[in-house]
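# Structural characterization, general
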Amino acid sequence: AQTVTQSQPEMSVQEAETVTLSCTYDTSESDYYLFWYKQPPSRQMILVIRQEAYKQQNATENRFSVNFQKAAKSFSLKISDSQLGDAAMYFCAYRSLQGGSEKLVFGKGTKLTVNP
Amino acid sequence: KAGVTQTPRYLIKTRGQQVTLSCSPISGHRSVSWYQQTPGQGLQFLFEYFSETQRNKGNFPGRFSGRQFSNSRSEMNVSTLELGDSALYLCASSVDTATEAFFGQGTRLTVV
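Below you will find a few notes about this structure. (Residues numbered from 1 in each chain as written. Chains lettered and ligands numbered in written order. Predicted model: local features only at pLDDT ≥ 70, side-chain atom pairs only at ≥ 80, totals over all residues. Heavy atoms only, no water.)

Attention shifts here to the packing of aromatic side chains. To describe a pair of aromatic rings, you give the distance between the ring centres and the angle between the ring planes. Summed over the entire model, instances satisfying the criterion amount to 16 aromatic pairs over all chains. On the numbers, 6.0 Å between centres and 70° between planes, the contact of Tyr33(A) with Phe35(A) is edge-to-face. Just as Tyr33(A) is buried, Phe35(A) falls in that class too. Centre to centre, the rings of Phe35(A) and Tyr37(A) are 6.0 Å apart; their planes meet at 35°, and the pair counts as tilted. In this structure, Phe35(A) and Tyr37(A) share a single accessibility class: buried. Among the aromatic side chains, those forming a connected cluster through ring pairs are Tyr33(A), Phe35(A), Tyr37(A), Phe91(A), Phe106(A), Tyr35(B), Phe45(B) and Phe103(B). The ring of Phe50(B) has Arg55(B) lying over it, and the distance from NZ or CZ to the ring centre is 4.3 Å. (Phe/Tyr/Trp six-rings, centres within 6.5 Å; stacked < 30°, edge-to-face > 60°. Buried < 20%, exposed > 50% of the residue type's maximum accessible area, 1.4 Å probe, protein only. Lys NZ or Arg CZ within 6 Å of the ring centre and 35° of its normal.)

Before going further, it helps to examine the pairing of strand β7 (residues 64-68) of chain B. Residues and elements named next belong to chain B. Sheet analysis places β7 next to strand β8 (residues 74-78), joined by five bridges and oriented antiparallel. Across the sheet, the residue bridging to phenylalanine 64 is valine 78, located in β8. A loop of five residues connects β7 with β8, the two strands running antiparallel in sequence, and serine 72 in this loop sits at a positive phi of about 75°. (Pairing = 2+ DSSP bridges. Helix = DSSP H or I, 4+ residues; strand = E, 2+ residues; numbered from the N terminus.)

Put into C-alpha cells, the structure is as follows:
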C-alpha cells in the first residue's frame, strides 16, 4: 500500500519570503500522480499543483513550484513571495494510475502560517 | 460552472442514529469519492463511485455505505453512529482518472 509522509506538522514564513514544504512517499509503482492541496479555514480543498511521475520536468504554477525527486520518492512544494492568503493546511497526496481508481492517499498535512 | 455541492454543511446526531450525506458533483463528472477527515487520523478514503458502481473501498466498517445515482449524485450513509464518527466528510468529483479531483466544502458531522 502506498503511504505519504509530511514530516513538518507546522511551518511559518514571513510575508514575501520563500518556504518549502516537504513530502515523501512510498510506492512500488512507476506511474502515478502527485498533488499538493491547500485547505484554508473554509475547509474547501483546493488543488495547488500536480505532477505526473513520468514527467521529469518539475511542475510550476505561478508562485508555486515542486521539486520532484522520483528516485528519492520526494515531492516538496516551494512557495515563493508568500502572501497572507497562502496561510492554510497543505496536504501532499498520491494517486495510483493502476486499476482506474480516483483514490487519493494523503499525508497528515502541514499547517502554514504567514506572518506579516 | 457550479462546484461540488455537499449537503448539509453541518449535522448533529445522537449515538446510535443513522445519517445520510449528499454530494452533487460538477456537471459532467462521473467519478465521486468520499473522504473522512479527523484531527487524529487525517484524511482517509472511504469509497469511490463511477457510473453508479463502487470502484474502490477504503478500510471502514460496514456501517459506512454509499451509492451513486444515474445523474452522478452520490450519498453516503452511516448507520449506528458512534462518537468516533464525528468528522468532516469530504466529497470529490472528477471526469476520469486523468484529471484532478475537485472537492466540496464538506459536511461537519458531530455525534453526541
